[in-house]
Amino acid sequence: MRKLRRLVHMVLFCPLSKGLQSRLPGIKVKYLFLAWLGIFVGSWVVYIHYSSYSELCRGHVCRMIICDQYKKGIISGSSCKDLCDDHTLVFHQCLSSSPTHQVYRGLWRDREVIIKCGVEENLKVDNNPDAVPRRELVLFDKPTRGTSMDEFKEMLLNFLKNNLGDQTSLTTLVSRILTMADVNDDGKVSLAEAKSIWALLQLNEFLLILSLHEKEHTSQLLGHCGDLYVTKKIPHDSLYGTQMPNFLQNLLPSPVHRLIHQWFAPAWPRRAKIAIGLLEFVEEIFHGTYGSFFICETSFKNIGYNEKYDFKVVDLRQVATEMTIKAFLKGRHCEQNSDCTFGRDCTAACDKLMKQCKNDVIQPNLAKACKLLQEYLLYGSPSDLKEELQKQLRTCMTLSGLASQMEVHHSLVLNNLKTLLWKKISNTKYS
């Protein structure tokens, strides 16, 4: 053992100069300090992450509220029995970005799903975050006992007109809503069933899922209970195929983000197919069956794709109806255009003489989509396509003005871009 220790000592220290050996204690102190600093920063990141997790992730509160009201007979829904009695609808990984909007990956009868529900902050009892709020007094207040089916149909139709516009197709949507509300398929809608579907319609995303249900680019609705609803899980919930944890996103600089995205992004032909799906979605909501819709936050985090690389919208909360935006802008005081912004980037012009917002959004959905696709499509694009692709994306991003006044130009730019991409991947395994 003594000979072995002497050999190790010779290997480690003999090659070092005497000057370096004299500085060794200082080097040891420096590395000790760096190790301590690393542990401190790591502990701080973990603390921040888990403290925010406990605030954001309150699925147990959501389940407690829903099941309490289900057992009282206040609400109903196709998922209530599985959630509250059989426990076959289970919350798993938390995806919430707001304490009042709970989002979870879950499991429902051995199928991966997304579970969403709301927890109202201002309805806690005795400041106890785990107490059951009396939400039936606020959220499930309509319709009231004694409301007839004809009156409820009229309620639904007026609500849809206010939120989607006076479309001739709304009677079809009303019929679909009533069919969904009738959980036990008895041809009638009970008070609990009516209260549940009415509460769900107050949620922007749920209303949009129903309005865009004919489109293949939105997530499939699987069930509901009260104002909790379940959708099919989208396999890839980001355009780049993966998302970094929030605490890492804040620590890493933008160039590192870009590099990580490029590493994990699908092959270029697959990205082209996903991009075509996004362009088709923009085309569908331009003048949809139930009105026009606007994308008010364009981010790679809100959109993804399935296992066949078909484009899917992950979060419809960032999409708004034309009626919602016009109601927001009507009579709104402004000093500059930024005062007329709904969401993050649905901006209208400010009439600086009248000091009021105008009624129409300046930048169309297509320009926002092309801005998002610029980096996504140009990286790794075929050399014989890159110049023309860059030119068309640049033209697309400069689109502005009222969509109603430039419909032909809007359609031409969109179709040119779709055709360019489709020609490159058609008749290949990627199509």
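For the structure itself, look to the data block above.
Along each chain, numbering runs from 1 in the same order as the chain's sequence is written. In keeping with the predicted nature of the model, local features appear solely for residues at pLDDT of at least 70, side-chain atom pairs appear and are counted solely at 80 or more, and the whole-chain, interface and lining totals rest on all residues. Calculation of side-chain values draws on the structure's entire complement of heavy atoms; hydrogens and water are dropped beforehand.

Colleague: Please clarify how the packing of aromatic side chains should be interpreted in this entry.
Modeller: Centre distance and the angle of the planes are the two values used to describe a pair of aromatic rings. Between 30 and 60 degrees the pair is tilted, below 30 it is stacked and above 60 it is edge-to-face, where a pair is any two Phe, Tyr or Trp rings, Trp via its six-membered ring, whose centres lie within 6.5 Å. Within this structure, the stated rule accounts for eight aromatic pairs. Each ring, one from Phe-206 and one from Tyr-229, has its centre 5.6 Å from the other, and the planes form 70 degrees; the classification is edge-to-face. Here Tyr-229 lies in strand β5 (residues 228-232) and Phe-206 lies in helix α8 (residues 204-211), a separation of 23 residues in the sequence. In this structure, Phe-206 and Tyr-229 share a single accessibility class: buried. With a centroid separation of 5.9 Å and an interplanar angle of 45 degrees, the aromatic rings of Phe-281 and Phe-311 are classed as tilted. Residue Phe-281 is found in helix α11 (residues 268-286), and its partner Phe-311 is found in strand β8 (residues 311-313); the two are separated by 30 residues along the sequence. The classification of residues rests on relative accessible area computed with a 1.4 Å probe and restricted to protein chains. Under 20% of the type maximum is buried, over 50% is exposed, and intermediate values are partly exposed. Residue classification places Phe-281 among the buried residues on the basis of a relative accessible area of 2%. A connected cluster of aromatic rings, assembled from ring pairs, spans Tyr-240, Phe-300 and Tyr-376. Secondary structure elements are taken from DSSP: a helix is a run of H or I of four residues or more, a strand is a run of E of two residues or more, and numbering for both begins at the N terminus.

Colleague: Sorry, what's going on with the side chain of Thr-218 here?
Modeller: Inspection of the secondary structure assignment puts Thr-218 in the loop between α8 and β4 (221-225). Look at Thr-218 and you get buried, because its relative accessible area is 8%. Definition of a polar contact: a pair of N or O atoms within 3.5 Å, with one able to donate and the other able to accept a hydrogen when the atoms are protein atoms, and with sequence-neighbouring residues admitted only if both atoms are side-chain atoms. Reaching out from Thr-218, the side chain makes a polar contact with the backbone oxygen of Leu-212 at a distance of 3.4 Å. In this analysis, two residues are considered to be in contact whenever any of their non-hydrogen atoms come within 4.5 Å of each other. Each residue touching Thr-218, except ones within four places of it in the same chain, is listed here: Leu-212, Phe-281, Lys-312 and Leu-316.

Colleague: What should I look at first to understand the layout of surface pockets in this one?
Modeller: Of the two site types, the cavity is a set of points on a 1 Å grid over the protein atoms alone where a 1.4 Å probe fits but cannot get out, and the pocket is an open set with protein on both sides within 12 Å along at least five of seven lines, each lined by residues with an atom within 4 Å of a point. Grid points are joined across faces, edges and corners, and a volume is the space filled by probe spheres set on the points. In this structure, the second largest pocket occupies an estimated 520 Å³ of space. Lining the second largest pocket are 18 residues, and of these Thr-298, Ser-299, Phe-300, Leu-372 and Glu-375 lie nearest its centre. Counting only elements with at least two residues in the lining of the second largest pocket, the list comes to α10 (254-264) and α13 (365-378). Tallying contributions element by element places α13 first for the lining of the second largest pocket, with five residues. For this classification, Asp, Glu, Lys and Arg are treated as charged, while Ala, Val, Leu, Ile, Met, Phe, Trp, Tyr, Cys and Pro are nonpolar and the rest, including Gly, are polar. The class makeup of the residues in the lining of the second largest pocket is five nonpolar, six polar and seven charged.

Colleague: Even after reading the chapter, I still don't get the packing of α13 against helix α15 (residues 407-425), so can you show me in this structure?
Modeller: The relative placement of two packed helices is expressed as an angle between their axes plus a distance between the axes. Orientation is described by axes fitted as lines to C-alpha atoms, over the contacting stretch for helices, and by angles from 0 to 180 degrees between their N-to-C directions. The N-to-C vectors of α13 and α15 enclose an angle of 25 degrees; their axes lie 12 Å apart at closest approach. Comparing their axes, α15 and α13 come out roughly parallel. Viewed along their axes, α13 and α15 form a crossing whose handedness is left-handed. Residues Leu-366, Cys-370 and Leu-377 of α13 lie in contact with α15, whose contacting residues are His-410, Val-413, Leu-414, Leu-417 and Leu-421. Counted by class, the contact of α13 with α15 contains seven nonpolar, one polar and no charged residues. Each angle gets one of four labels, with under 35 degrees taken as roughly parallel, over 145 as roughly antiparallel, 65 to 115 as roughly perpendicular, and the rest as oblique. Take the far helix as the reference: if the near one is turned anticlockwise from it by less than a right angle, the crossing is left-handed, and if turned clockwise, right-handed.

Colleague: Honestly, α11 in this entry has me stumped. Any pointers?
Modeller: Note that an α-helix has 3.6 residues per turn; residues three or four places apart therefore point the same way. To estimate the expected span of a helix, count its residues, drop one, and scale the result by 1.5 Å. Between its first and last C-alpha, α11 extends 27 Å over 19 residues, near the 27 Å set by a 1.5 Å rise per residue. Within α11, 15 of the 19 residues are buried, which leaves it mostly tucked inside the rest of the structure.

Colleague: What exactly am I supposed to notice about empty space enclosed by the protein here?
Modeller: In this approach, a probe sized like a water molecule rolls over the atoms, and the result shows the empty space that is left. For the structure shown, the criterion picks out one cavity of 30 Å³ or more. Approximately 110 Å³ is the volume found for the largest cavity. At the level of elements, α11 and β8 are the ones that each hand at least two residues to the lining of the largest cavity. Residue composition of the lining of the largest cavity, by class: seven nonpolar, four polar and two charged.

Colleague: Can you walk me through the nonpolar core in this structure?
Modeller: Side chains that are nonpolar tend, in soluble globular proteins, to be buried together. To qualify as a nonpolar core, a set must consist of buried Ala, Val, Leu, Ile, Met, Phe, Trp, Tyr and Cys residues joined through side-chain atoms within 4.5 Å. Counting 68 residues, the largest nonpolar core has Leu-160, Leu-366, Leu-389 and Leu-421 as the members making the most contacts within it. Considering every element that reaches this core, the biggest residue donor is α11, with ten residues. The contacts of Leu-160, once residues within four sequence positions are left out, are Gly-165, Leu-170, Leu-173, Val-174, Ile-177 and Leu-207.

Colleague: Got a minute to help me understand a nonpolar patch on the surface in this structure?
Modeller: Each patch groups residues whose relative accessible area exceeds 30% and which form no salt bridge, using 9 Å between like charges and 5 Å between nonpolar side chains of Val, Leu, Ile, Met, Phe, Trp and Tyr. With residues, only the protein chains shown are counted as cover, and all accessible areas are computed by Shrake-Rupley using a 1.4 Å probe. Here, a salt bridge means any Lys or Arg side-chain nitrogen found within 4 Å of an Asp or Glu carboxyl oxygen. Together, Leu-259, Trp-263 and Phe-264 line one region of the surface with nonpolar side chains, adding up to about 370 Å² of accessible area. In this structure, Leu-259 sits in helix α10. Judged by its relative accessible area of 40%, Leu-259 falls in the partly exposed class.

Colleague: Would you take a moment to explain the environment of Val-189 for this structure?
Modeller: Its location among the elements puts Val-189 in the loop between α6 (170-181) and α7 (191-201). For the pair Val-189 and Thr-179, spaced ten residues apart in sequence, the C-alpha to C-alpha distance is 8.6 Å. Contacts of Val-189, omitting those with residues within four sequence positions, involve Met-149, Phe-152, Leu-178, Ala-181 and Ala-194.

Colleague: Please clarify how the sheet that holds strand β2 (residues 101-108) should be interpreted in this entry.
Modeller: By way of backbone hydrogen bonds, the strands of a sheet pair with one another, either parallel or antiparallel. For two strands to be treated as a pair, DSSP must find at least two bridges joining them. The strand order β1-β2-β3-β5-β4 describes an open sheet built from five strands, whose pairing is antiparallel. Each edge of the open sheet carries a strand with a single partner, namely β1 (89-94) and β4. Pairwise comparison of adjacent strand axes, ignoring direction, gives a mean angle of 30 degrees for this sheet.

Colleague: Whenever I open this one, unusual backbone geometry confuses me. Can you help?
Modeller: Apart from glycine, the bulk of residues carry a negative phi angle, and the bulk of peptide bonds sit in the trans form. Residue Lys-142 is joined to Pro-143 through a cis peptide bond whose omega torsion reads -10 degrees. Of note, the phi angle at Asp-110 is positive, near 65 degrees, even though the residue is not glycine. Structurally, Asp-110 can be placed in the loop between β2 and β3 (111-118). When its relative accessible area of 76% is taken as the criterion, Asp-110 is described as exposed. Although it is not a glycine, Lys-355 adopts a positive phi angle of roughly 60 degrees. Along the chain, the position of Lys-355 falls in the loop between β11 (346-351) and β12 (356-361).

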